[in-house]
Amino acid sequence: MTKKWLYGRNVVLTGCSTGMGKEVLMILVKKYGCNVMGVARNKAKLDKLKAELGDKFSYRRFNISDLQAWKDFAAELENMGFMTDILINNAGMIQPFGQYNDLTDDQIKKVVDTNLMSVVYGCKAMLPTIKKSKYGYICNVASASAILPVGGESIYSATKGGVWALTECLAQELRGFGIGVSCVMPGPVKTDIYKAREGESGPKADSLVESIGIKASTAGKKIVKAIRKGKVRVVTDAVAGLMDFGMRVCPSFTCKATGSAMKKFSPKIASFKPIYAEQIENKQAIKQMKKERKKTVYKKLEQVPQGAFKDDDLTNI
């Protein structure tokens, strides 16, 4: 592909009404003259974007975690003559920061559906049309949490890890069709996604992101640049780069050190408190429990006290 291949392409972009998605939309339309079909939920914001961007932008509102809705959308685009060149799966959400066991079934399903299944279904529905294009491309926005899973964000990290794995597989499978594939993995980005986190509000909940996060405009530029240059794996910022470096060099130590650091600073960072408060409170109890465990660990089977196991317990050893 030439450096100018992106100009005038037909693009489907999810999560286009705010944050990184909005920035990507603006760049694609204003700088590259792309025709963008956006997918988002907020009609007021979408109408405002339509008024600003004119005929280069249209939108649809549907449930992106519904495969049939994606199939109907793809058929509608083809019938109206909008032959998709590029699919950008950007829409996503973050779970409440806290212990995995405290998440409700509905919270888990919502995050999985929004972050992972929407990407799975979007690629499945749009790929037949993209294969017909001379400039076919798929860009999936994951997260640095796909590289280094973070305590308190279990389901979010799992879904973003799934997006990364899916994208890497697609890159291998679609190379023979001339279709480019990118997985973009930003670190913290200053967007409304954090402000909308269930159960959190106010400046304290967003203080960490505000201090170390990058601007949505910066992330948007990185996404478009990744597509233009055809990079498969894109880390957008210093925080994500540090996470990536640590997991490449010493993954076990990096995961453990990250958890220890979050635990240490949890009294000062509101988002971390729900994860580590119980651990801190139970510190002495955990130490005592570990001591008790040592008493029941034996170097040789002969050292096990008589009657410690029933005969049935040993039949499958």
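Check the entry above for the structure.
Source: prediction; values computed, not measured.

Peer 1: Hey, could you run me through the packing of helix 9 (residues 238-249) against helix 10 (residues 251-265) in this one?
Peer 2: A packed helix pair is summarised by two numbers, namely the angle formed by the two axes and the spacing between the axes. Contact pair helix 9 / helix 10: the axes reach a minimum separation of 5 Å and the direction vectors enclose 130°. Of the possible angle classes, the one that applies to helix 9 and helix 10 is oblique. Here G246, M247 and V249 of helix 9 come into contact with helix 10, specifically with P251, T254 and C255. Tallied by class, residues from the contact of helix 9 with helix 10 come to four nonpolar, two polar and no charged.

Peer 1: Help me out: how do you make sense of the pattern of salt bridges in this one?
Peer 2: Opposite charge on two side chains allows them to pair when their charged atoms are near. Across all of its chains, the model carries eight salt bridges by this definition. Between D85 and R9 there is a salt bridge, with the nearest N and O atoms lying 3.4 Å from each other. A residue pair is termed long-range when its members are at least 10 positions apart, and D85 in the loop between helix 3 (67-79) and strand 4 (86-89) and R9 in the segment before strand 1 (10-14) qualify at 76 residues. Of the two residues examined, D85 and R9, each falls in the buried class. Among the charged side chains, a salt-bridge network with shared partners connects R233, D244 and R248.

Peer 1: Explain the state of the cysteines to me, please; I cannot follow it from the model alone.
Peer 2: Linking two cysteines covalently via their sulfur atoms produces the bond known as a disulfide. Taken as a whole, this structure holds zero disulfides when the rule is applied. No disulfide involves C250; its nearest neighbouring cysteine sulfur is the one of C255, lying 9.5 Å away. Note on C250: relative accessible area 34%, which makes it partly exposed.

Peer 1: What is the right way to read a positive patch on the surface from this model?
Peer 2: Together, K256, K283, K287, K290, K291, R293 and K294 give the surface a local cluster of positive charge. Take the positive patch: its biggest share by element is six residues, from helix 12 (residues 283-295). With respect to the element layout, K290 can be found in helix 12. By relative accessible area, K290 is classed as partly exposed at 48%.

Peer 1: Is there a simple way to think about the environment of K56 in this case?
Peer 2: Checked against the element boundaries, K56 lands in the loop between helix 2 (43-53) and strand 3 (57-60). Note on K56: relative accessible area 33%, which makes it partly exposed. Residues K56 and N35, 21 residues apart in the sequence, show an inter-C-alpha distance of 4.7 Å. Apart from residues lying up to four places away in sequence, K56 is in contact with V29, G33, C34, N35 and V36.

The rules we used
Residues numbered from 1 in each chain as written. Predicted model: local features only at pLDDT ≥ 70, side-chain atom pairs only at ≥ 80, totals over all residues. Heavy atoms only, no water. Axes fitted to C-alpha atoms, helices over the stretch in contact; angles between N-to-C directions. Helix = DSSP H or I, 4+ residues; strand = E, 2+ residues; numbered from the N terminus. Parallel < 35°, antiparallel > 145°, perpendicular 65-115°, else oblique. Contact = heavy atoms within 4.5 Å. Nonpolar A, V, L, I, M, F, W, Y, C, P; charged D, E, K, R; others polar. Salt bridge = Lys/Arg side-chain N within 4 Å of Asp/Glu carboxyl O. Buried < 20%, exposed > 50% of the residue type's maximum accessible area, 1.4 Å probe, protein only. Disulfide = S-S within 2.5 Å. Patch = residues over 30% accessible without salt bridge, like charges linked within 9 Å, V, L, I, M, F, W, Y side chains within 5 Å. Areas by Shrake-Rupley, 256 points an atom, 1.4 Å probe, with all protein chains shown as cover. Lys, Arg positive; Asp, Glu negative; His and termini not counted. Charge placed at Lys NZ, Arg CZ, Asp CG, Glu CD.

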